[in-house]
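# Residue-level structure breakdown
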Amino acid sequence: METSPYPEPDVRLARLAGAVGLPAEWPPTEEFLDGLARRTGLRAHDLLLVADIPLPGTAWLFDETAGASSSLVSRSLALPASGRRLLRTRARSLTAPTGTLASWQPRPYEQYPPGFGSLLLRMLALRNLNWSGTAKAMCLMSGVCKAASTIGAVGRGAKPLDAEMLDGFAATLGVPVAVLAGLTGVHPSADGREPAPEVVDTAALIWEVRHLTWDQESELSEYAEELGRD
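Each residue is numbered by its place in its chain's sequence as written, counting from 1. Local features in this predicted model are restricted to residues whose pLDDT is 70 or higher, and side-chain atom pairs enter the listing and the counts only when it is 80 or higher, whereas totals over whole chains, interfaces and linings include all residues. With hydrogens and water set aside, each side-chain value is computed from the structure's full complement of heavy atoms.

### Focus: the environment of T184
A helix here means a DSSP run of H or I that spans at least four residues, while a strand means a run of E at least two residues long, and both kinds are numbered starting from the N terminus. Structurally, T184 can be placed in helix α10 (residues 177-184). For the pair T184 and L161, spaced 23 residues apart in the sequence, the C-alpha separation amounts to 8.7 Å. Side-chain polar atoms of T184 contact the backbone oxygen of L180, separated by 2.8 Å. Polar contact is defined as a pair of N or O atoms within 3.5 Å, subject to the rule that within protein one atom must be able to donate a hydrogen and the other to accept it, and that residues adjacent in sequence are counted only when both atoms are side-chain atoms. One polar contact links the side chain of T184 to the main-chain amide nitrogen of V186, over a distance of 3.1 Å.

### What about a negative patch on the surface?
Residues D215, E219, E222, E226 and D230 make up a contiguous surface patch of negative charge. Within the element layout of this structure, D215 appears in helix α12 (residues 214-229). Any residue with relative accessible area above 30% and no salt bridge may belong to a patch, with like charges joined within 9 Å and the nonpolar Val, Leu, Ile, Met, Phe, Trp and Tyr side chains within 5 Å. For the area figures, the Shrake-Rupley method with a 1.4 Å probe applies, and any residue is considered shielded solely by the protein chains shown. In the sections that follow, a salt bridge refers to a side-chain nitrogen of Lys or Arg positioned within 4 Å of a carboxyl oxygen of Asp or Glu. Here the positive residues are Lys and Arg and the negative ones are Asp and Glu; neither His nor the chain ends is included. Working definition for charges: the position is that of NZ of Lys, CZ of Arg, CG of Asp or CD of Glu.

### Side note on the side chain of D201
With respect to the helices and strands, D201 occurs in helix α11 (residues 197-208). Contacts are assigned to residue pairs that have any heavy atoms within 4.5 Å of one another. In this structure, D201 is in contact with R84 and R88, ignoring residues within four places of it in sequence.

### Considering helix α6 (residues 116-125)
It helps to recall that an α-helix has 3.6 residues per turn; residues three or four apart then point in one direction. Across the 10 residues of α6, 9 count as buried, placing the element largely inside the fold. Those residues of α6 not exposed but buried are F116, G117, S118, L119, L120, L121, M123, L124 and A125. A 1.4 Å probe rolled over the protein chains alone gives each residue an accessible area, and that area as a share of the maximum for its type sets the label: buried under 20%, exposed over 50%, partly exposed in between.

### Overview of unusual backbone geometry
The residue after W26, namely P27, is reached through a cis peptide bond having omega 0°. With respect to the helices, strands and loops of the structure, P27 is situated in the loop between α1 (9-19) and α2 (30-40). With a phi close to 55°, D52 is a non-glycine residue in the positive phi region. Its place among the elements puts D52 in the loop between α3 (44-50) and β1 (61-62).

### As for the nonpolar core
Here, the term nonpolar core denotes a set of buried Ala, Val, Leu, Ile, Met, Phe, Trp, Tyr and Cys residues that are joined through side-chain atoms within 4.5 Å. Counting residues in hydrophobic clusters, the biggest one holds 70 residues, and the most contacted among them are L36, W60, L87, L161 and F169. With 7 residues, the top contributor of residues to this core is α6. Not counting residues up to four positions away in its chain, the partners in contact with W60 are L49, L55, A102, S103, W104, R122, A125 and L126.

### Concerning the pattern of salt bridges
Scanning all chains against the criterion turns up 10 salt bridges. In this structure, the salt-bridge partner of R107 is E64, at a minimum N-O distance of 3.2 Å. Taken together, the residues R107 in the loop between β2 (102-103) and α6 and E64 in the loop between β1 and α4 (70-78) connect sequence positions 43 residues apart. For R107, a relative accessible area of 35% translates into the label partly exposed. For R88, the salt bridge identified is with D201, shortest N-O distance 3.6 Å. You can see R88 sitting in helix α5 (residues 81-93) and its partner D201 sitting in helix α11, a full 113 residues away along the chain.

Here's what the structure looks like:
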């Protein structure tokens, strides 16, 4: 279950560093955060959330009708490594047209109390995944299949962050379960392990498409389908 109370930012960052064998550093330098991102598999923006450091406004610009769809996620997971590389390269080449993205404004039910559940949901919000999008991606990527309302309950602290949910969040973020276990203090499941290559690559794709429009994401999903037929 989730540890209580929720520790201060320096403790949270030190836990992450300890999970990957890095000495803790506070306040964190850019070099330290870069190294921690490489070791953990988390993004630099994720680490800013951990450390309660403000993110640039552009990090929260989205087409909220977009985000990685179930079709895109499932097609990415089914591709061979070469196809997944081509898909991510295509995603990186796309840029949303000017004026099509808007600053994300959390709805009342997305304004969570401090806690590890809310921290993980904010990481996924950075990827333009809402409760429903997270539930669908998590099910496909980890086999942990929960209702969107259950995902939200973890963010609100109404449902504990347990070993099963930790497995699901780790896969959706594309990081080893041990990284999130070290951060949260939740004991991982007995079969918790490194995410498979297709899961890591698909998590990277989810990150790449976060600032794309619905039309661009749909086109990318069609491209993934074409790659799967080759």
